[in-house]
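# Report on the structure
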Amino acid sequence: MWRALVPALKKRDESHSLLLMFLLASIAIPTFYSAGLFYGQRSTLVTAEYWRWWVVHLWVEGFFEVFATVVIAFLFTRLKMLSVPSATRAVMFSTVIYLSGGIIGTFHHLYFTGVPDYVLALGAVFSGLEVVPLVLIGFEAWENVRMARAREKRLWVGGYKWPIYFFVAVGFWNFVGAGLFGFLINPPIALYYVQGLNTTAVHAHTALFGVYGMLALGLMLFCLRALRPGTAWKEMPLSIAFWTINVGLALMVLLSVLPVGLLQAWASVEVGTWYARSSEFMQQPLLNHLRWMRMIGDTMFAFGALVLGWFVLGLITGHSFDKAGSLAEGEWEIKRK
Ligand code: HEM
Ligand SMILES: [Fe+2]
């Protein structure tokens, strides 16, 4: 990343601040992940849990969120959907609230690990604040759809429609998966009953795949698009992949993991967490049926992944190009400085 960014950084043009944020986030991601290596076989559970949550939380809710915001803002400036100054302002603003809420917000994983009460209070307040940037991002995703539509002709013809759709999906899942489902399990009184139940899996899957999975797919398509400019892509496989992956993820959660989580939460309040997690509870016929309901969403999702794989393969073999629709010179071009 460093090697690729140095030439651009040296120019010191208006993109300088955005690029610097991008580089810092790229350095912070592996650095904060490496905390996961600080514990070993003989560490106590308390130590291991501390560093595990350090990775889970600071990594995904802190630096990776900053990275995602910067990279999407940056690409949108290149596509002329956002101006550099307003993108930079938005990035700085959300970074400040992400990190000020997110760093102290780590304590929302340590409410009941034997820490003093004030840690519980700090964690509850600051992790509550994390929802603010996510709501803003939700609005922004909607703005992006509108902007993309306004620029429809140039961009759509240029073939950036599907990468942009994946970026909009990032905003959607950030709002739903991280924001709504994250907040659902976030207050101390909620987590007291539901820690480690399927409600956590609801949040974890929708936030982790929804945000970073979709981001990875969007970035991959963006790069593939820029690698072979001038040739039009077939739309159908991308459209199928996009919708089955997104709807599949939603159905997986709505038809299976969420109902299981809610039933578990009920059992936990009525009887206790030990019961909600026990095999007596989890192996009841209703819960078995709900678990099997994952088939529907998961199959759709897997199908979408295969179609996308087939499409990417077709960029090598040629079957993903739309021969009739080749683009005129300049239409696909991202303006380079
Ligand atoms: C894109 C952003 C986010 C991602 C990718 C993400 C991902 C995850 C994952 C994978 C877990 C499960 C970790 C494990 O059990 O080892 C988790 C747990 C948790 N997340 Fe998030 N998260 C995000 C944002 C948020 C936000 C914004 C909140 C609340 C304001 C939140 C609140 C929680 C809580 C309270 C838990 C602990 C659940 C438990 O202990 O059972 N997360 N998150
Ligand atoms: Fe967290």
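Located above this text is the structure these notes cover.
Here we summarise the structure given alongside this text. (Residues numbered from 1 in each chain as written. Chains lettered and ligands numbered in written order. Predicted model: local features only at pLDDT ≥ 70, side-chain atom pairs only at ≥ 80, totals over all residues.)

## Quick look at the nonpolar core
Where we set the bar: Nonpolar core, as used here: buried Ala, Val, Leu, Ile, Met, Phe, Trp, Tyr and Cys residues forming one set through C-beta atoms within 7 Å. Any residue with 12 or fewer other C-beta atoms within 10 Å of its own C-beta is exposed, any with 20 or more is buried, and the rest are partly exposed; the C-beta atoms used are placed from the backbone. Note on conventions: DSSP H or I runs of at least 4 residues are helices, E runs of at least 2 residues are strands, and numbering of each starts at the N terminus. Each residue gets a C-beta atom placed from its backbone, and two residues are in contact if those atoms lie within 7 Å.
One finds Val70, Ala73, Phe166 and Val170 to be the most contacted residues of the largest nonpolar core, which totals 65 residues. Counting only elements with at least two residues in this core, the list comes to helix 2 (16–33), helix 3 (45–78), helix 4 (84–105), helix 6 (131–150), helix 8 (161–184), helix 10 (198–227), helix 11 (236–270) and helix 15 (294–317). Among all residues touching Val170, those that are not within four sequence positions of it are Ala68, Ile72, Val211, Met214, Leu215 and Gly218. Residues Tyr111, Leu191, Ala265 and Ala267 belong to the second largest nonpolar core, which totals eight residues.

## Focus on the site of ligand 1
Our working definition: By convention here, the C-beta atom is placed from the backbone, and a residue is near a molecule or strand when that atom is within 6 Å of it. For this classification, the nonpolar set comprises Ala, Val, Leu, Ile, Met, Phe, Trp, Tyr, Cys and Pro, the charged set comprises Asp, Glu, Lys and Arg, and every other residue, Gly included, is treated as polar.
Lining the immediate surroundings of ligand 1 are 25 residues, of which Ala178, Gly182, Thr200, Ala204 and Ala207 lie closest. Of all the secondary structure elements, the ones that give two or more residues to the shell around ligand 1 are helix 3, helix 6, helix 8 and helix 10. The biggest single contributor to the shell around ligand 1 is helix 10, with six residues. Of the residues contributing to the shell around ligand 1, the split by class is 12 nonpolar, 10 polar and three charged.

## Some words on helix 8
What counts, and what does not: Helix span is expected to be 1.5 Å times the residue number reduced by one. Note that bend, as reported per residue, equals the angle between axes fitted to the 7 residues terminating at that residue and the 7 residues originating from it.
The terminal C-alpha atoms of helix 8 lie 33 Å apart, and with 24 residues this matches the ideal 34 Å at 1.5 Å per residue to within 8%. For helix 8, the principal kink sits at Trp173 and spans about 30 degrees. Among the 24 residues that make up helix 8, 20 are buried, leaving the element largely enclosed by the rest of the structure.

## Quick look at the environment of Pro85
Considering the arrangement of structural elements, one finds Pro85 in helix 4. In this structure Pro85 comes out as exposed when scored by C-beta crowding, with 11 C-beta atoms within 10 Å. As for Pro85 and Ser17, which are separated by 68 residues in sequence, their C-alpha atoms are 9.6 Å apart.

## Description of the packing of helix 4 against helix 5 (residues 117–129)
In a packed pair of helices, the relevant descriptors are the angle between the two axes and the axis-to-axis distance. Stated formally: To obtain an axis, a line is fitted to C-alpha atoms, over the contacting stretch when the element is a helix, and the angle between two such axes runs from 0 to 180 degrees between their N-to-C directions. Roughly parallel means an angle under 35 degrees; roughly antiparallel means over 145; roughly perpendicular covers 65 to 115; every other angle is labelled oblique. We call a crossing left-handed when the near helix sits turned anticlockwise from the far one by less than a right angle, and right-handed when that turn is clockwise.
Running from amino to carboxyl end, helix 4 crosses helix 5 at an angle of 150 degrees, the nearest separation of the two axes being 7 Å. Put simply, helix 4 runs roughly antiparallel to helix 5. Where helix 4 crosses over helix 5, the two elements pack in a sense that is left-handed. Here Ile97, Gly101, Ile104 and Gly105 of helix 4 come into contact with helix 5, specifically with Leu122, Gly123, Phe126, Ser127 and Leu129. Looking at the contact of helix 4 with helix 5 residue by residue, the class counts come to five nonpolar, four polar and no charged.

## A closer look at the packing of helix 4 against helix 6
Direction vectors running N to C along helix 4 and helix 6 enclose 145 degrees, while the axes themselves pass 8 Å from each other. Where helix 4 approaches helix 6, its residues Ser94, Ile97 and Tyr98 are matched on the opposing element by Val132, Pro133 and Leu136.

## A short note on unusual backbone geometry
Despite not being glycine, Arg12 shows a phi value in the positive range, around 55 degrees. Relative to the helices and strands, Arg12 is located in the loop between helix 1 (2–10) and helix 2. Residue Arg12 is classed as exposed on the basis of its C-beta count, with 9 C-beta atoms lying within 10 Å.

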